[in-house]
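Spelled out from the first residue to the last, the chains are:
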Amino acid sequence: MEKIEKFCSNCRYGITVSINDDILCRKKGIVSSNYCCSKHKFNYKIEIFKPKCIDCINFFLEDETEECSMGICRLFTVRQYDGRQKNACSRYIAK
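A quick note: this is a predicted structure, and the numbers were derived from the prediction, not measured.

Criteria and cut-off values
- Residues numbered from 1 in each chain as written.
- Predicted model: local features only at pLDDT ≥ 70, side-chain atom pairs only at ≥ 80, totals over all residues.
- Heavy atoms only, no water.
- Helix = DSSP H or I, 4+ residues; strand = E, 2+ residues; numbered from the N terminus.
- Buried < 20%, exposed > 50% of the residue type's maximum accessible area, 1.4 Å probe, protein only.
- Contact = heavy atoms within 4.5 Å.
- Areas by Shrake-Rupley, 256 points an atom, 1.4 Å probe, with all protein chains shown as cover.
- Lys, Arg positive; Asp, Glu negative; His and termini not counted.
- Charge placed at Lys NZ, Arg CZ, Asp CG, Glu CD.
- Core = buried A, V, L, I, M, F, W, Y, C linked by side-chain atoms within 4.5 Å.
- Patch = residues over 30% accessible without salt bridge, like charges linked within 9 Å, V, L, I, M, F, W, Y side chains within 5 Å.
- Salt bridge = Lys/Arg side-chain N within 4 Å of Asp/Glu carboxyl O.
- Pairing = 2+ DSSP bridges.
- Phe/Tyr/Trp six-rings, centres within 6.5 Å; stacked < 30°, edge-to-face > 60°.
- Lys NZ or Arg CZ within 6 Å of the ring centre and 35° of its normal.
- Polar contact = N/O pair within 3.5 Å; in protein donor to acceptor, adjacent residues only side chain to side chain.

A. Spatial organisation of the overall build of the protein chain. If you tally the helices and strands in the protein chain, you get zero helices and six strands. Starting at the N terminus, the α and β elements of the protein chain follow one another as β-β-β-β-β-β. Taken across its 95 residues, the protein chain has 22% of its residues classed as buried. When contacts within the protein chain are restricted to residue pairs at least 6 apart in sequence, those whose partners lie at least 24 apart make up 42%. Accessible surface, the protein chain as shown: approximately 7800 Å² in total, 51% of it carbon and sulfur. The distance from the centre of the 17 positive side-chain charges to the centre of the 12 negative ones in the protein chain is 16 Å.

Pasting the structure below:
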């Protein structure tokens with residue numbers, strides 16, 4: 001069995017800061033995502049499935065090939081981007 005390394009990014013006390021990849025720890029304050037303190041507890045509710053923009057009802061597909069799915073989000077952008085590459089936002093609604 002593979003041993004999972006302890007980091008603040010997989011700790012139950014850590015919350016990801018959206019501005020950068022730092023972690024807001026309830027015990028230590030702002031720390032880097034690869035830091036680990038003695039109070040570490042694994043967060044077993046880590047999501048395995050992370051939805052992508054292409055799975056959202058607000059993403060309109062303009063052009064699709066095997067490599068990419070170009071489209072726009074009707075909520076946030078007017079520029080086309082690849083919906084398979086970008087993680088869904090907080091306004092995600094499944095198709």
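The structure having been displayed, the exposition proceeds.
B. Region of the structure containing the nonpolar core. One finds Cys8, Cys11, Tyr13, Ile23, Cys25 and Val31 forming the largest nonpolar core, which totals six residues. Non-local contacts of cysteine 25, meaning those with residues more than four positions away in its chain, are made with Tyr13, Gly14 and Val31. Membership of the second largest hydrophobic core comes to five residues, among which are Cys53, Phe59, Cys73 and Tyr81.

C. Quick peek at a positive patch on the surface. Taken together, Lys3, Lys6, Arg12, Arg26, Lys27, Lys28, Lys39 and Lys41 make up a surface patch of like positive charges. Summarising the element assignment, lysine 39 is placed in the loop between strand E3 (29-31) and strand E4 (59-64). Judged by relative accessible area, lysine 39 falls into the partly exposed class, the value being 46%.

D. Molecular detail of the sheet that holds strand E6 (residues 81-82). One open sheet holds the three strands; their spatial order is E4-E5-E6, and the pairing between them is antiparallel. Strands at the two margins of the open sheet, each flanked by one partner only, are E4 and E6. Pairing geometry for E4 and strand E5 (residues 69-73), over five bridges, is antiparallel. For aspartate 63, the partnering residue across the bridge sits in E5 and is methionine 70.

E. The arrangement of the packing of aromatic side chains in detail. For the coordinates displayed, the defined rule picks out one aromatic pair. We note lysine 27 situated over the ring of tyrosine 13; from NZ or CZ to the ring centre the distance is 4.9 Å. The ring of tyrosine 81 has lysine 86 lying over it, and the distance from NZ or CZ to the ring centre is 4.9 Å.

F. Spatial organisation of the environment of serine 32. Mapped onto the elements, serine 32 comes out in the loop between E3 and E4. Taking the C-alpha atoms as reference points, serine 32 and threonine 77, separated by 45 residues in sequence, lie 30 Å from one another. Serine 32 has contacts with Cys8, Asp22 and Ile23, leaving out every residue within four places of it along the chain. Engagement of the side chain of serine 32 in a polar contact is seen with the side chain of asparagine 34, the distance being 2.9 Å.

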